[in-house]
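# Structural description and commentary
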Amino acid sequence: MNEQSEKQNVEKIIREYQPRLKSFIRKRVSNTEDAEDVLQDVFYQLIKTVENTVNPIEQVAAWLYRVARNIIINKEKKKQEEEMPVSQYDDEGAVLEEFSEILFNDDNPTPETEYLRSLVWQELEIALSELPPEQREAFELMELDGLSAKDVSESTGISVNTFIPEALCCQTPA
């Protein structure tokens, strides 16, 4: 088939199937603009397929409706995908400060803060249970009891490098 007859064939298909296909799409899409976009995408795929393949589409109607369904599904998936929420905090210190407030401030406990506190402690306990015993003990002494790394090392006999990862012990404060 030559290029001119392919073009005429595609135009004929578009004229023939456009009203029914548009109705099919409109029933499955929430607004008219989206329906028009899907219809245009279907016909674009038709043109691309006719131009780029040697084998003709055998069942044009079935092919058009299948492409329309696939495009609608893909558009719905894109609508449902949400971006990860952006943190309201610009720096890590503000997050840590708020966690400290939740965990350690007993001035006006509310049911929400008590619940959040219990969740944080549960997660902390799970995370600590995954540490080797020396690292867990060192963490608890330093972070929960407020001892310095040097004091923990002296009281436990464990080298500071054993319980503080090299990347942390060797960093200079920002």
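None of the values given here were measured: they were computed from a predicted structure.

Each helix and strand counted, the protein has 9 helices and 0 strands in total. For the protein, the succession of helices and strands along the chain, N to C, is α-α-α-α-α-α-α-α-α. Put simply, the protein has 174 residues, and 21% of those count as buried. When the accessible surface of the protein is split by element, carbon and sulfur atoms take 51% of a total near 13,500 Å².

For the rest of this paragraph, the subject is the nonpolar core. Ranked by internal contacts, the top residues of the largest apolar core, which has 23 residues, are Leu 21, Ile 25, Val 38, Val 42, Phe 43, Leu 46 and Leu 64. For this core, the secondary structure elements donating two or more residues are helix H1 (3-28), helix H2 (32-52) and helix H3 (60-80). The element contributing the most residues to this core is H3, with 8 residues.

Side chains of Phe 104, Trp 121, Leu 131, Phe 139 and Leu 144 sit close together on the surface and give an oily, nonpolar patch of about 430 Å² of accessible area. Among the secondary structure elements, Phe 139 is positioned in helix H6 (residues 133-144). The class for Phe 139 is partly exposed, based on a relative accessible area of 31%.

For the rest of this paragraph, the subject is the packing of aromatic side chains. Scanning the model with the defined rule gives 1 aromatic pair in all. Ring geometry for Phe 24 versus Tyr 65: centroids 4.9 Å apart, planes at 90 degrees, classification edge-to-face. Pair noted here: Phe 24 is in helix H1 and Tyr 65 is in helix H3, with a separation of 41 residues, a long-range link. Relative accessible area serves as the criterion here: at 19%, Tyr 65 is assigned to the buried category.

Tracing the sequence through the fold places Asp 34 in helix H2. Those residues within four positions of Asp 34 in sequence are excluded, and the remaining contacts are Val 29 and Lys 79.

We now examine the environment of Leu 147. Within the secondary structure, Leu 147 is located in the loop between H6 and helix H7 (149-156). The partly exposed category is assigned to Leu 147, whose relative accessible area is 35%. In this structure Leu 147 touches Leu 141, Met 142 and Val 152, once residues within four positions along its chain are discounted.

Turning our attention to the pattern of salt bridges. For side chains of opposite charge, pairing can occur when their charged atoms come near one another. With the rule as written, the count across this model stands at 5 salt bridges. Close ionic contact of Lys 22 with Glu 36 constitutes a salt bridge, the shortest N to O distance being 2.7 Å. Pair noted here: Lys 22 is in helix H1 and Glu 36 is in helix H2, with a separation of 14 residues, a long-range link. Take Lys 22: its relative accessible area is 36%, and that puts it in the partly exposed class.

Scoring rules and cut-offs
Residues numbered from 1 in each chain as written. Predicted model: local features only at pLDDT ≥ 70, side-chain atom pairs only at ≥ 80, totals over all residues. Heavy atoms only, no water. Helix = DSSP H or I, 4+ residues; strand = E, 2+ residues; numbered from the N terminus. Buried < 20%, exposed > 50% of the residue type's maximum accessible area, 1.4 Å probe, protein only. Areas by Shrake-Rupley, 256 points an atom, 1.4 Å probe, with all protein chains shown as cover. Core = buried A, V, L, I, M, F, W, Y, C linked by side-chain atoms within 4.5 Å. Patch = residues over 30% accessible without salt bridge, like charges linked within 9 Å, V, L, I, M, F, W, Y side chains within 5 Å. Salt bridge = Lys/Arg side-chain N within 4 Å of Asp/Glu carboxyl O. Phe/Tyr/Trp six-rings, centres within 6.5 Å; stacked < 30°, edge-to-face > 60°. Contact = heavy atoms within 4.5 Å.

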